[in-house]
Amino acid sequence: MRIVIAEDDPLLREGLALLLRAEDLDVVATAGTPGEFLTAVDTHTPDVAIVDVRMPPTHTDEGIVAAVEARRRQPGLAVLVLSAYVEQAFATDLFSVGAVGLGYLLKERVGRVEEFLAALHRVAAGGSVIDPEVVGQLLARHRRPDTALGELSPREREVLGLMAEGLGNSAIAERLFVTDGAVHKHIRSIFAKLQLPPDDRVDRRVTAVLRHLGGGRG
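First things first, this report covers the structure right here in the doc.

Scoring rules and cut-offs
Residues numbered from 1 in each chain as written. Predicted model: local features only at pLDDT ≥ 70, side-chain atom pairs only at ≥ 80, totals over all residues. Heavy atoms only, no water. Core = buried A, V, L, I, M, F, W, Y, C linked by side-chain atoms within 4.5 Å. Buried < 20%, exposed > 50% of the residue type's maximum accessible area, 1.4 Å probe, protein only. Helix = DSSP H or I, 4+ residues; strand = E, 2+ residues; numbered from the N terminus. Contact = heavy atoms within 4.5 Å. Pairing = 2+ DSSP bridges. Axes fitted to C-alpha atoms, helices over the stretch in contact; angles between N-to-C directions. Parallel < 35°, antiparallel > 145°, perpendicular 65-115°, else oblique. Nonpolar A, V, L, I, M, F, W, Y, C, P; charged D, E, K, R; others polar.

Describing the nonpolar core
Core analysis: the largest hydrophobic core is formed by 25 residues, its most contacted members being Phe-37, Val-51 and Val-79. Those elements that provide at least two residues to this core are β1 (2-6), β2 (26-31), α2 (34-44), β3 (48-52), α3 (62-73), β4 (78-83) and β5 (102-106). With sequence-adjacent residues up to four places away left out, Val-51 is seen in contact with Ala-6, Phe-37, Gly-63, Val-79, Leu-80, Val-81 and Leu-82. Formed by 21 residues, the second largest nonpolar core is a distinct cluster that contains Leu-20, Val-48, Ala-78 and Val-110.

Structural data, given as structure tokens:
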């Protein structure tokens, strides 16, 4: 796995590189600005980019903008975005163009090495990962019964939240102490309530997560 890291904090940037190299992962470049990051992507064609949300010069959304541009330049590039805070608008913007090979984590997850590495590998494999704190705040914001999400039962909302974290059916069943069959029924119900019929061109799990991130919008 070839990785580029874009982080303007030198200590965190080098700490991430050391952590990943200790796990025998190939960090091919590190960058402190969006411009350096995009140059590194063009030069090294990595498999995964780890990108800070807030980067120079304004420390607002430069990381998100650079991540979207990197995926435009290199379709299929997996991107794991790191943020110091729960920034729901940025998460929504990032996932609005699709969730395949995308992750959004709080920086504090890096300290939980096993969780962080599991998220990185999941994103690299084409999955999607959304930090549980982001999921929790989004669910709390959108409980109105007049939204598509508002029609979901409490258990269905739990299942959708775990789907957003990138968990598969078996992992969700283990987390909720239920059977795989029960999880499958909940997911079928979620698809029905969110009006997501079977479609060979669309990953319904991804669409459901995007609907979830968008707060129930169609």
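A closer look at the sheet that holds β4
Spatially, β2-β1-β3-β4-β5-β6 is the arrangement adopted by the 6 strands of the open sheet, whose pairing is parallel. The open sheet has two edge strands, β2 and β6 (128-130), and neither has a second partner. Across this sheet, the average inter-strand angle for adjacent strands is 20 degrees, counted without regard to direction. When β5 meets β6, the two strands line up parallel, connected through 3 bridges. Bridge pairing in β6 links Gly-103 to Val-129. This element, helix α1 (residues 10-22), spans β1, β2, β3 and β4 of the sheet and lies at about 175 degrees to β2.

Some remarks on the pairing of β3
In terms of burial, β3 is a largely internal element, 5 of the 5 residues being buried. The alternating pattern of β3 places Val-48, Ile-50 and Asp-52 and Ala-49 and Val-51 on opposite faces, both of which are buried. Pairing of β1 with β3, which is carried by 4 bridges, proceeds in the parallel orientation. Looking across to β3, one finds that Val-4 is bridged to Ala-49. Summarising the sheet, β3 and β4 pair through 5 bridges and their orientation is parallel. By the bridge assignment for β4, Ile-50 is matched with Leu-80.

Focus on the packing of helix α7 (residues 154-164) against helix α9 (residues 180-193)
One can describe the packing of α7 onto α9 by two numbers: an axis separation of 10 Å at closest approach and a directional angle of 95 degrees. Comparing the axis directions of α7 and α9 gives the class roughly perpendicular. Contacts from Arg-155, Glu-156, Val-159, Leu-160 and Met-163 in α7 reach His-186, Ile-187, Ser-189, Ile-190, Phe-191 and Lys-193 in α9. Looking at the contact of α7 with α9 residue by residue, the classes come out as 6 nonpolar, 2 polar and 3 charged.

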